[in-house]
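Geometric and topological summary
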Amino acid sequence: MHILATNDDGIYHQGLLSLVQELRNLGRVTIVAPDHNWSASGHQKTLRRPLRVKEVALADGTRGYACDGSPADCVSLPAMGLLDDPVDMVVSGINPNANLGHDVTYSGTVTATMEAVIWKLPALAVSMDAPEYHSGPLDFSTSAAVAARIAGIIWEKKLPANTLLNVNIPYCDMDEIKGYRITRQGLRVYRDELIKRKDPRGVPYYWIGGEAPTGVPEEGTDIGALSAGYVSITPLTLDMTNYDFLKVMRDWQFNSK
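Residues numbered from 1 in each chain as written. Predicted model: local features only at pLDDT ≥ 70, side-chain atom pairs only at ≥ 80, totals over all residues. Heavy atoms only, no water.

1. Quick notes on the pattern of salt bridges
Selection criterion: Criterion for a salt bridge: a side-chain nitrogen of Lys or Arg within 4 Å of a carboxyl oxygen of Asp or Glu. Numbering of helices and strands runs from the N terminus; a helix is a DSSP stretch of H or I covering at least four residues, while a strand is a stretch of E covering at least two. We call a residue buried when its accessible area falls under 20% of the maximum for its residue type, exposed when it is over 50%, and partly exposed in between, using a 1.4 Å probe and counting protein chains only.
Under the criterion given, the structure shown has seven salt bridges. For the salt bridge of Asp-103 with Arg-188, the shortest nitrogen-to-oxygen distance reads 2.8 Å. One end of the pair, Asp-103, is in helix H3 (residues 103-106); the other, Arg-188, is in strand E9 (residues 188-198), with 85 residues separating them in the sequence. The pair formed by Asp-103 and Arg-188 is uniform in burial state, with each residue classed as buried.

2. Topic: the state of the cysteines
For clarity, the cut-off: Criterion for a disulfide: a pair of cysteine sulfur atoms within 2.5 Å.
Tallying each qualifying case throughout the model produces zero disulfides. We note that Cys-67 lacks a disulfide partner, and the nearest cysteine sulfur, in Cys-74, lies 4.3 Å from it.

3. Side note on the pairing of strand E7 (residues 163-170)
Rules: For two strands to be treated as a pair, DSSP must find at least two bridges joining them. A clockwise course of the path from the first strand over the helix to the second, judged with the strands pointing away from the viewer, identifies a crossover as right-handed.
Counting buried positions along E7 gives eight out of eight residues, so the element sits mostly inside the fold. Here E7 shows no split at all, with Thr-163, Leu-165, Val-167 and Ile-169 on one side and Leu-164, Asn-166, Asn-168 and Pro-170 on the other all buried. Note that strand E6 (residues 123-129) and E7 share seven bridges and pair parallel. In the sheet register, Ala-123 faces E7, and the bridge partner there is Leu-164. At this point the chain moves from E6, through helix H5 (residues 141-157), to the parallel E7, and the crossover so formed is left-handed. Where E7 lies against strand E11 (residues 231-237), six bridges are found, and the strand directions are antiparallel.

Just geometry here; none of it tells us what the structure is for.
Structure, rendered in structure tokens:
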């Protein structure tokens, strides 16, 4: 198996290196990741400027390719022939904080795997629920081992077309994880605030601030599973059609005069 590893935190992030070290137990791993942080970038694709890629060395000497494009670019370029050999699977992460509910539309970690789905590649987005404002180094070992286990299972079982897995893992030792739950997206609660300031010349500028988001820990959701100490595995699809409402709208008289 040839695995493409990427992220949205940048190619030198420890979460990516820990992930790659575990994924090597499954097969060949090639790294193509952004050359800087793209957190909360959403699903961006670079079309109006050239993209540049250079080979770099990670902390343990592992070679990878740093791209000046988005996480989605880091998937589409290999899918279109950047690498000598085709890719069999894409694994994105490890994001240091959880990606739950509506987070998936913001997250570069997740949207990298959305790009993989577009190219018909099985994909796994991996996030770890570390404290929001944690200071100092983080331990990615548990999350990396969990990610590799799930990647191995989906390679064996196969994913249906147009489907990715969004995985969120408690921040704890392996023996503290209570198990795995298959979940749906939960309700994320955002507490953003608009902060207005002025620069030294008196011109206003703005920050999006506020408290860290929370969520409704409902049973069966990604938020509920994670808050209870379980690994949350949510199958996502790019088809965002509201099928129930589609039936209602068919009775609306758009064509009447």
